[in-house]
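Structure at a glance
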Amino acid sequence: MSSSLLVDSHGRVLRDLRVSVTDRCNFRCLYCLPETEAAQNFYRGRWATLPTSKPIAWEWQPKSKILTFEEIERVVRIAVGLGIQKIRLTGGEPLLRHHLEDLVARLARLPGITDLAMTTNGFLFAEKGPALRAAGLRRISFSLDSLDRANFQKITGRDGLAEVLAGIRLAGELGLNPVKVNAVIIRGINDHEIEALAGFAHTHGLALRFIEFMPLDSAHAWQKELVVPGTEILQRLLAVHPLQPVVSANAAETARRWTFADGRGELGLISPVSEPFCGHCNRLRLTADGKLRTCLFSVTEHDLRGRLRSAATDVDLAAYLQAVVWGKEARHHIGEPEFAQPARSMSCIGG
Ligand code: SAM
Ligand code: SF4
């Protein structure tokens, strides 16, 4: 194995870098930032009191701690030199970052990136999408957990379904391909919408991913009982649609995928809780405040920002990236007694 790659001590070669561009968000999804009354009521209704009485341990990072576009571009350039091929911009809500298209343009110019994508809640996409596309964004994933206006608001804390649907439509018109949609399914919240969401993907030719609820919410209110396992979702989908499995050549793929009989649209199941795929994980994460994370569930973060703002050369930074990646966790421990939920929520980690 070449020493110029990002290789971990378990033999995995990292190819995918997720870059969070802000920890801020204009939504309050109850599986991520459950601060709304609806979220509190949902969790309280289940356990009388929330599982933890700890105050929610997060606050927005000051601007001085957030990486600049120059700093992000430098990290990405170095990471691409070490074999990273896919870059996904995320957050928090990436569309809240001013002039995001300038960052996209910088990254789109870097040779070696085969895939430049973004994950967004889509609320601001109608406003910002055309400039992002023109700047070189190639693919996009929207989060859409409900097709019902009231349920959408209950889940996200925002009456924004119409805006998100308009964003998804526009992404197709702009030629972003494929347009992906992520739905986190939570028992008792939106599991009754599984078939409707699948139908929506079929009608509109979208690639829909059903994602299991993971213990990454800021209130630490996650419970296994709220997870709808991928196998259960699949059984329900197969009862409605004659789906064909997709055989993927990409071993690092996190989704098990199916196509509809007429070939329009696609469904996928991402089941990190019930069927972990850690053995093939090839991802590294950079938080908005410049910390490296080798796993979604890492309890340790590695400070890159301090090094970026010191006299470190590109060679020093590359060596640091390699050293950090070497220590990537073998797997997560959800459901095991020793599992400890990371202090920061998905919005801070960058999903
Ligand atoms: N704000 C953007 C969005 O919602 O798409 C990007 C950041 S968000 C943290 C990235 C992805 O993480 C979204 O698809 C969201 O649904 C997912 N996510 C957040 N919290 C999660 C959790 N506790 N379990 C599973 N997925 C989660
Ligand atoms: Fe929801 Fe994404 Fe915001 Fe988290 S970061 S609250 S998932 S929109």
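The coordinates are above.
In this report, we go over the structure that sits alongside the text.

**A look at the site of ligand 2**
Neighbouring ligand 2 are the residues Cys25, Phe27, Cys29, Tyr31, Cys32, Leu33, Gly92, Asn121 and Ser347. Class assignment for the residues of the shell around ligand 2 results in 6 nonpolar, 3 polar and no charged.

**What about the site of ligand 1?**
Surrounding ligand 1, one finds 17 residues, the nearest of these being Tyr31, Gly92, Glu93, Ser143 and Met214. Here an oxygen atom of ligand 1 and a side-chain polar atom of Ser143 are 2.6 Å apart. In the model, an oxygen atom of ligand 1 is placed 3.4 Å from a nitrogen or oxygen of the Asn182 side chain. Summarising the interface, the protein chains cover 95% of the accessible area of ligand 1, which totals 540 Å² for the free molecule. If you list the elements that add at least two residues to the shell around ligand 1, you get strand S3 (115-120) and strand S5 (179-185). Looking at the shell around ligand 1, its residues break down into 6 nonpolar, 9 polar and 2 charged.

**Structural notes on the sheet that holds strand S9 (residues 266-270)**
Judged by pairing direction, the sheet is mixed, and its 12 strands sit side by side in the order S7-S8-S9-S6-S5-S4-S3-S2-S1-S10-S11-S12 without closing on themselves. The open sheet has two free edges, formed respectively by strand S7 (244-245) and strand S12 (302-303), since each of these has just one partner strand. Taken strand by strand, helix H6 (residues 161-173) contacts strand S4 (139-143) and S5, and its axis lies near 165° from that of S4.

**Digging into the packing of helix H3 (residues 100-108) against helix H4 (residues 125-135)**
At a closest axis distance of 8 Å, the pairing of H3 and H4 adopts a crossing angle of 20°. Overall, the two elements H3 and H4 adopt an arrangement that is roughly parallel. H3 and H4 meet at a crossing whose hand is right-handed. Residues Leu100, Glu101, Val104, Ala105 and Ala108 of H3 touch H4, and the partners they reach there are Ala131, Leu132 and Ala135. For the contact of H3 with H4, a count of residues per class yields 7 nonpolar, no polar and 1 charged.

**Brief notes about the side chain of Ser298**
Mapped onto the elements, Ser298 comes out in the loop between strand S11 (291-293) and S12. Ser298 gets classed as buried once you look at its relative accessible area, which sits at 1%.

**Examining the packing of H4 against H6**
As a packed pair, H4 and H6 sit with axes 9 Å apart at the nearest point and diverge in direction by 20°. Between H4 and H6, the angle falls in the class roughly parallel. The hand of the H4/H6 crossing is right-handed. In this structure, H4 contributes Phe125, Ala126 and Pro130 to the contact, and H6 contributes Gly167, Leu170 and Ala171. Of the residues belonging to the contact of H4 with H6, the class tally is 5 nonpolar, 1 polar and no charged.

**Side note on H6**
Counting along an α-helix, one turn takes 3.6 residues, and residues three or four places apart therefore face a common direction. Its 13 residues give H6 an end-to-end C-alpha distance of 19 Å, which sits within 8% of 18 Å, the value for a rise of 1.5 Å per residue. Where H6 is concerned, the buried positions are Leu161, Val164, Gly167, Ile168, Leu170 and Ala171. If you follow the buried residues of H6, they end up packed against H4, S4, helix H5 (149-156) and S5.

**A closer look at the environment of Asp303**
Its place among the elements puts Asp303 in strand S12. We classify Asp303 as partly exposed; its relative accessible area is 26%. Each C-alpha atom of the pair Asp303 and Gly290 lies 6.5 Å from the other, and the pair is 13 residues apart in sequence. Beyond its immediate stretch of four places on either side in the chain, Asp303 contacts Gly290, Lys291 and Tyr320. A polar side-chain atom of Asp303 sits 3.2 Å from the main-chain amide nitrogen of Gly306.

Conventions we followed
Residues numbered from 1 in each chain as written. Chains lettered and ligands numbered in written order. Predicted model: local features only at pLDDT ≥ 70, side-chain atom pairs only at ≥ 80, totals over all residues. Heavy atoms only, no water. Near = heavy atom within 4 Å. Nonpolar A, V, L, I, M, F, W, Y, C, P; charged D, E, K, R; others polar. Polar contact = N/O pair within 3.5 Å; in protein donor to acceptor, adjacent residues only side chain to side chain. Areas by Shrake-Rupley, 256 points an atom, 1.4 Å probe, with all protein chains shown as cover. Helix = DSSP H or I, 4+ residues; strand = E, 2+ residues; numbered from the N terminus. Pairing = 2+ DSSP bridges. Contact = heavy atoms within 4.5 Å. Axes fitted to C-alpha atoms, helices over the stretch in contact; angles between N-to-C directions. Parallel < 35°, antiparallel > 145°, perpendicular 65-115°, else oblique. Left-handed = near helix turned anticlockwise from the far one by under 90°. Buried < 20%, exposed > 50% of the residue type's maximum accessible area, 1.4 Å probe, protein only. Expected span 1.5 Å × (residues − 1).

Honestly, it's all geometry; don't read function into it.
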